[in-house]
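# What the coordinates show
The residues making up each chain are set out below.
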Amino acid sequence: MFFKGIDSLNVYNNSLIWHGNNYELLDFEYEIKKKAKLVSNNIKSLWRYKDFLPFIDDENIVSVSEGFTPLLELNLGSKPCYIKMDQIFLSGSYKDRGASVLISFVKQLGIKNVVQDSSGNAGASIAVYCALAKISCDIYVPKETSSGKVVQAKASGAKVILVEGDREKTAEVAFDAAKKSYYASHCYNPVFFEGTKTFLFEVFEQLNFKMPEAIVLPAGNGTLLLGCFLGAKQLINAGIADNMPKLIAVQSSNCNPLYKFINNEPFTDNFGSTIAEGIAIKKPVRLKQMAEAVKQSNGLVINVDDEDIKKTWFNLAKMGFMVEPTSAATITGLNIYLQNYVTSGNVVSLFSGNGLKSTDKWINYLN
Ligand SMILES: *Cc1c(COP(=O)(O)O)cnc(C)c1O
């Protein structure tokens, strides 16, 4: 098991390398054993895919049956498709996939405190898993973050630091703190993606060990997008799957760096605001990798407007799915994809986050 390009043990204990004037992005590499089985045990969580996960001793695995969320066949617009219920995780978002694997890894290393920054859900999720592992954690969030997410992190015992300014400013402040602690970042730390890739494994297993034609995903920092790409590559390399699904990334038209980058449109990080706070990422640190994932999978980026997001958001709630605005953005993109692109196979998407954490957003629209 090693981090690509760097052979110092220090990396394990730091997760962040200061190089020149920049933080170096690390990738995580380890050998998957020959004849690895996708489902190697009877555990009803993402740890059923142990052969494909970093090796962690059983006593260090931090897990409360996360993963294996239901895959429902639904008709949310024009055509039926499959939706994965990732809003039902312990912390209310799919980030628990990454948190379970990353915090298990941190526990295995014997680390006792971490820092993390996020626009909300990643912080809440890391806070919950640190509580389970008895690791102390400091979470940095922008001041505007939905109060439900802040409350959740605090309730699980994390110290929450509200940062004056946007998501990027929050990251800067967290970087400084990370120099004296372990940076359990969901976008820099490559171990997080080892968890998010299980989304793809589950979809594959739930579709009777067949890849869908396309997967429609939110794209902020791309943790799920890159996880799916990684998971699909590993299954293809192991001879378990034979094709890569198209990865369709959904961004807000007010904040779409991936769309602009892929389509060679000039841009600065001077983007506007959106109700979809989970994908309001102006400078995704892994932007180039995200573009590669979309291109190599023959996918594309779909932009969605706030007005359409709101309509989807209200409609979903009336169907019983009270999700957060970012999840409604993804489903808006899914509907655009189903209406405008010819598909013959299965199309999969997800509810990424529970709406009960965004009641402060809901309240503005209800009377
Ligand atoms: C984090 C998050 C997203 C966006 O995921 P990225 O990894 O930043 O692309 C979408 N929806 C919800 C609910 C999230 O918490």
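Residues numbered from 1 in each chain as written. Predicted model: local features only at pLDDT ≥ 70, side-chain atom pairs only at ≥ 80, totals over all residues. Heavy atoms only, no water.

Let's shift gears to the site of the ligand. Neighbouring the ligand are 16 residues, the closest being Tyr94, Lys95, Asn221, Gly222 and Thr223. Separating a nitrogen atom of the ligand from a side-chain N or O atom of Ser352 is a distance of 2.8 Å. Here the ligand has 380 Å² of accessible area as a free molecule, and 97% of this is covered by the chains. The residue inventory of the shell around the ligand, partitioned by class, reads 5 nonpolar, 9 polar and 2 charged. (Near = heavy atom within 4 Å. Polar contact = N/O pair within 3.5 Å; in protein donor to acceptor, adjacent residues only side chain to side chain. Areas by Shrake-Rupley, 256 points an atom, 1.4 Å probe, with all protein chains shown as cover. Nonpolar A, V, L, I, M, F, W, Y, C, P; charged D, E, K, R; others polar.)

With that settled, consider the nonpolar core. Of all hydrophobic cores here, the largest spans 39 residues; its most connected members are Phe199, Leu200, Leu217, Leu225, Leu235, Leu247 and Leu258. Listing elements by their share of this core, those giving two or more residues are helix H7 (198–206), strand S11 (214–218), helix H8 (223–237), strand S12 (246–252), helix H9 (257–262), helix H10 (287–296) and strand S14 (347–350). Here this core takes 7 residues from H8, the largest share from any one element. Leaving out residues up to four positions away in the same chain, Leu235 has contacts with Leu38, Phe52, Leu200, Phe201, Phe204, Met211, Ile240 and Ala241. (Core = buried A, V, L, I, M, F, W, Y, C linked by side-chain atoms within 4.5 Å. Buried < 20%, exposed > 50% of the residue type's maximum accessible area, 1.4 Å probe, protein only. Helix = DSSP H or I, 4+ residues; strand = E, 2+ residues; numbered from the N terminus. Contact = heavy atoms within 4.5 Å.)

Let us now look at unusual backbone geometry. A positive phi angle is found at Phe68, which is not glycine, with a value near 55 degrees. Relative to the elements of secondary structure, Phe68 occurs in the loop between strand S4 (28–29) and strand S5 (71–75). When its relative accessible area of 28% is taken as the criterion, Phe68 is described as partly exposed.

Attention shifts here to the packing of aromatic side chains. Across all of its chains, the model carries 14 aromatic pairs by this definition. Measuring from ring centre to ring centre gives 5.6 Å for Trp313 and Tyr365, while their planes differ by 85 degrees; the resulting arrangement is edge-to-face. In this pair, Trp313 sits in helix H11 (residues 306–318) while Tyr365 sits in the segment after helix H13 (359–362), placing the two residues 52 residues apart along the sequence. Positioned over the ring face of Phe68 is Arg48, at 4.4 Å from the centre of the ring. (Phe/Tyr/Trp six-rings, centres within 6.5 Å; stacked < 30°, edge-to-face > 60°. Lys NZ or Arg CZ within 6 Å of the ring centre and 35° of its normal.)

With that settled, consider H8. Between its first and last C-alpha, H8 extends 21 Å over 15 residues, near the 21 Å set by a 1.5 Å rise per residue. With respect to burial, H8 is a largely interior element, 11 of its 15 residues being buried. Those residues of H8 not exposed but buried are Thr223, Leu224, Leu225, Leu226, Gly227, Cys228, Phe229, Gly231, Ala232, Gln234 and Leu235. Phi turns positive one or two residues past the end of H8, at Gly239, with a value near 75 degrees. (Expected span 1.5 Å × (residues − 1).)

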